[in-house]
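Architecture at a glance
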Amino acid sequence: MKVLVVGSGGREHALLWALKKSPILTGLYVTPGRPAMGNFGILVDINLKNPIDVTQFCKRENIELVIIGPEQPIIDGLADNLVAEGINVFAPSQAAAKLEASKSFAKGLCKQYGVPTAKYECFVDEGLAKNFVLSNKIKFPLVVKANGIAAGKGVIICNTENEACAAIDSMLVEKKFGESGEEVVIEEFLVGEEVSFFALVDGLKVVTLGCAKDYKRANENNEGQNTGGMGSYSSSSIISKDMEQKIIQRIIYPTIQALNNMGTPYKGVLFAGLMICKDSPKLLEYNVRFGDPEIQSILPRLGENCDLLNLMLSVAEGKLNTKAVELSSKATVCVVVASKGYPGDYQTGEVIKGLNKIENIPGILVFHAGTKLDESGNLVSDGGRVLNIVGEGSSVEEAKSKVYSALNFLEWPGGFFRYDIGS
Ligand code: AMP
Ligand code: GLY
């Protein structure tokens, strides 16, 4: 089977690595990809903004499955275009992707179907939003969110009325978030333990893929700015089987049911950002794709007999027939190496050395998120999040110690990483 992966981050590199093991794979392509991904897939340049280019490529190359990594092409409706041409896609339709594209849509669904989530109200009018904040119906701290996608920057935790009003102004008046901020969600601040939970959904059936913890802040001890994720870990001890059942029964099933009732069934991976509050899971947000860097720590735990390609194909075809995805008992820790300055301004084009030593260490995997080759053929930095180094071990502690020992071999003064991933 020939497969096309869309994307160019560490998430897509990890997907290529896992798909490459499949006995049913005959050809693997990636667009746009990165040079370092060339050992797993053939890099192709396709204009993703023009869906006809994508469908034409798939028809010409007899691609039987397209896997879309990032949210933007999913939200733009790429899956719909491909499905209309009879091509199997692992990604939801534009209508189902509203779960991520519109927080007010996702929250409305939660309210209607009784999915536990933070108490909230939505506003398009600045005055009404501020009156709501001043009414004290939601206690401080409270959270002001831009309705649309905002690269992790559209969530502002506010401790005072002034902060909340400034957050509302930044979205509804100053339009700092563009269209994404034309509506705001004001919600209760939830206290608990945050978990990224992944479910494979084929329209009707649901299978848990596992969960991971993400480290969103730039610096140790969860200080500094919010980022796309500075690291992750995955192990069988993050949540209990009982909690997994609660998440499926109270959050995932009702959501899938709701989308079916709306006539827009969900296919692909459903990523629930959850807060485990005491013994109850509550939904923070939905994403319609794999988490990055969460999936880099989950995929290495897939059991030897689990063929990821077969699993993804069965999701796309609506024929998911496994009861559970087998994950090994080993633990994994993924450390993101970023350009100094990220998530603010940073340099690119800096030479990175030492990766061949790191890649040769048993139990270590290297995924590229933002690298390229310069004119002389040197590997150089080319983004904010640049590398993902994953360590495996029999415990999170062991995986953590392995990954940080490996990072000693990295020669890139312009890069930084958090020292507490897995703590
Ligand atoms: P989101 O983009 O909605 O996942 O929000 C980004 C981050 O903000 C989440 O990962 C949480 O750490 C935090 N956050 C969002 N909503 C809430 C909430 N209602 N209570 C507490 N923390 C939140
Ligand atoms: N790491 C969080 C995300 O992928 O949205």
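Values in this document were obtained by computation on a predicted structure and should not be read as measured data.

A few words now on the sheet that holds strand β5 (residues 88–90). Pairing within the open sheet is parallel, and its five strands lie in the order β3-β2-β1-β4-β5. One side of each edge strand has no neighbouring strand; the edge strands of this open sheet are β3 (42–43) and β5. Both strand β4 (residues 65–68) and β5 contribute to a ladder of three bridges, which runs parallel. Across the sheet, the residue bridging to L65 is N88, located in β5. Packing against the sheet, helix α11 (residues 308–317) makes contact with β1 (2–7), β4 and β5, and its axis sits at approximately 110° to β5.

Next up on the list: empty space enclosed by the protein. The tally for this structure, following the rule as stated, stands at two cavities of 30 Å³ or more. Put simply, the largest cavity is a space of about 80 Å³. Taken together, 13 residues line the largest cavity, and the ones lying closest to its centre are K103, A106, K107, L284 and E285. In terms of residue class, the lining of the largest cavity is built from six nonpolar, one polar and six charged. Around the second largest cavity, the lining residues are I67, I68, G69, F90, A91, V269, V288, R289 and F290.

Among the 13 residues in the neighbourhood of ligand 1, the closest are listed as E187, L190, E194, K216 and E285. E194 places a side-chain nitrogen or oxygen 2.4 Å from an oxygen atom of ligand 1. Interatomic distance of 2.8 Å between a side-chain N/O atom of E285 and an oxygen atom of ligand 1. Surface burial for ligand 1 is 90%, taken as the share of its 470 Å² of free accessible area covered by protein chains. Those elements that provide at least two residues to the shell around ligand 1 are β7 (142–146), β9 (184–188) and β16 (280–287). Looking at the shell around ligand 1, its residues break down into six nonpolar, no polar and seven charged.

Its volume calculated, the second largest pocket comes out at about 430 Å³. What lines the second largest pocket is a set of 24 residues, and nearest its centre among them are T208, G210, K241, E244 and L327. The set of elements that each furnish at least two residues to the lining of the second largest pocket consists of β11 (206–214) and α9 (241–261). Broken down by element, the residue count for the lining of the second largest pocket peaks at six residues, all from β11.

Reading guide: rules and limits
Residues numbered from 1 in each chain as written. Chains lettered and ligands numbered in written order. Predicted model: local features only at pLDDT ≥ 70, side-chain atom pairs only at ≥ 80, totals over all residues. Heavy atoms only, no water. Pairing = 2+ DSSP bridges. Helix = DSSP H or I, 4+ residues; strand = E, 2+ residues; numbered from the N terminus. Contact = heavy atoms within 4.5 Å. Axes fitted to C-alpha atoms, helices over the stretch in contact; angles between N-to-C directions. 1 Å grid on protein atoms, 1.4 Å probe; cavity = no way out; pocket = protein on both sides within 12 Å on 5 of 7 lines; lining within 4 Å. Points joined across faces, edges and corners; volume = space filled by probe spheres on them. Nonpolar A, V, L, I, M, F, W, Y, C, P; charged D, E, K, R; others polar. Near = heavy atom within 4 Å. Polar contact = N/O pair within 3.5 Å; in protein donor to acceptor, adjacent residues only side chain to side chain. Areas by Shrake-Rupley, 256 points an atom, 1.4 Å probe, with all protein chains shown as cover.

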